[in-house]
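Coordinate inspection notes
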Amino acid sequence: QVQLVESGGGLVQAGGSLRLSCAASGRTLSSYNMGWFRQAPGKEREFVTLISWSDGATRYTDSVKGRFTISRDNAKNTVYLQMNSLKPEDTAAYYCAADRPFRIPTTRPTAYDYWGQGTQVTVSS
């Protein structure tokens, strides 16, 4: 069982930055693909980015490419999401998720077994 706890959300002006953290307990994350997803009010949960367990390869949704960076520190059992040049349309609850061990990375939220409680990011214009 994996427990995930996000932190780092908040209110920021457009163009600003935030760094989200996702701390894990219960299992070491080194063999898990890790993803960040977000959900705005009235919308479905959407993929933002992932980092693979095997080689650290990353994938981003087009709207955040060049602005967001995912990273992982396996020694700290933590995944990060650095968000720069934030836009009002980035406003959402952000969720960290862990896939099952040793799987091929996927952007489908239904494939992820473990989820954090979410952290709110609000970007004002």
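Read on for an overview of the structure.

**Topic: the pairing of strand E9 (residues 92-101)**
Burial runs high along E9: eight of the 10 residues are buried. Two strands pair when backbone bridges link them, and strand E4 (residues 32-39) and E9 are joined in this way by seven bridges, in the antiparallel orientation. Pairing of Gln 39 across the sheet is with Ala 93, part of E9. Alignment of E9 against strand E11 (residues 119-124), held across three bridges, turns out to be antiparallel.

**Focus: the nonpolar core**
Counting 29 residues, the largest nonpolar core has Leu 4, Met 34, Trp 36, Phe 68, Met 83 and Tyr 94 as its most contacted members. Counting only elements with at least two residues in this core, the list comes to strand E3 (18-25), E4, strand E5 (46-51), strand E7 (68-73), strand E8 (78-83), E9 and E11. By size, the runner-up hydrophobic cluster in this structure holds six residues, among which are Phe 37, Ala 97, Ala 111 and Tyr 112.

**Focus: the pattern of salt bridges**
A full pass over the atoms with the stated rule returns six salt bridges. One salt bridge in this structure joins Asp 90 and Arg 38, with 3.0 Å as the shortest N-O distance. Of the two residues, Asp 90 sits in the loop between E8 and E9 while Arg 38 sits in strand E4, which places them 52 residues apart along the sequence. Asp 90 gets classed as buried once you look at its relative accessible area, which sits at 1%.

Each value, and the rule that gives it
- Residues numbered from 1 in each chain as written.
- Predicted model: local features only at pLDDT ≥ 70, side-chain atom pairs only at ≥ 80, totals over all residues.
- Heavy atoms only, no water.
- Buried < 20%, exposed > 50% of the residue type's maximum accessible area, 1.4 Å probe, protein only.
- Helix = DSSP H or I, 4+ residues; strand = E, 2+ residues; numbered from the N terminus.
- Pairing = 2+ DSSP bridges.
- Core = buried A, V, L, I, M, F, W, Y, C linked by side-chain atoms within 4.5 Å.
- Salt bridge = Lys/Arg side-chain N within 4 Å of Asp/Glu carboxyl O.

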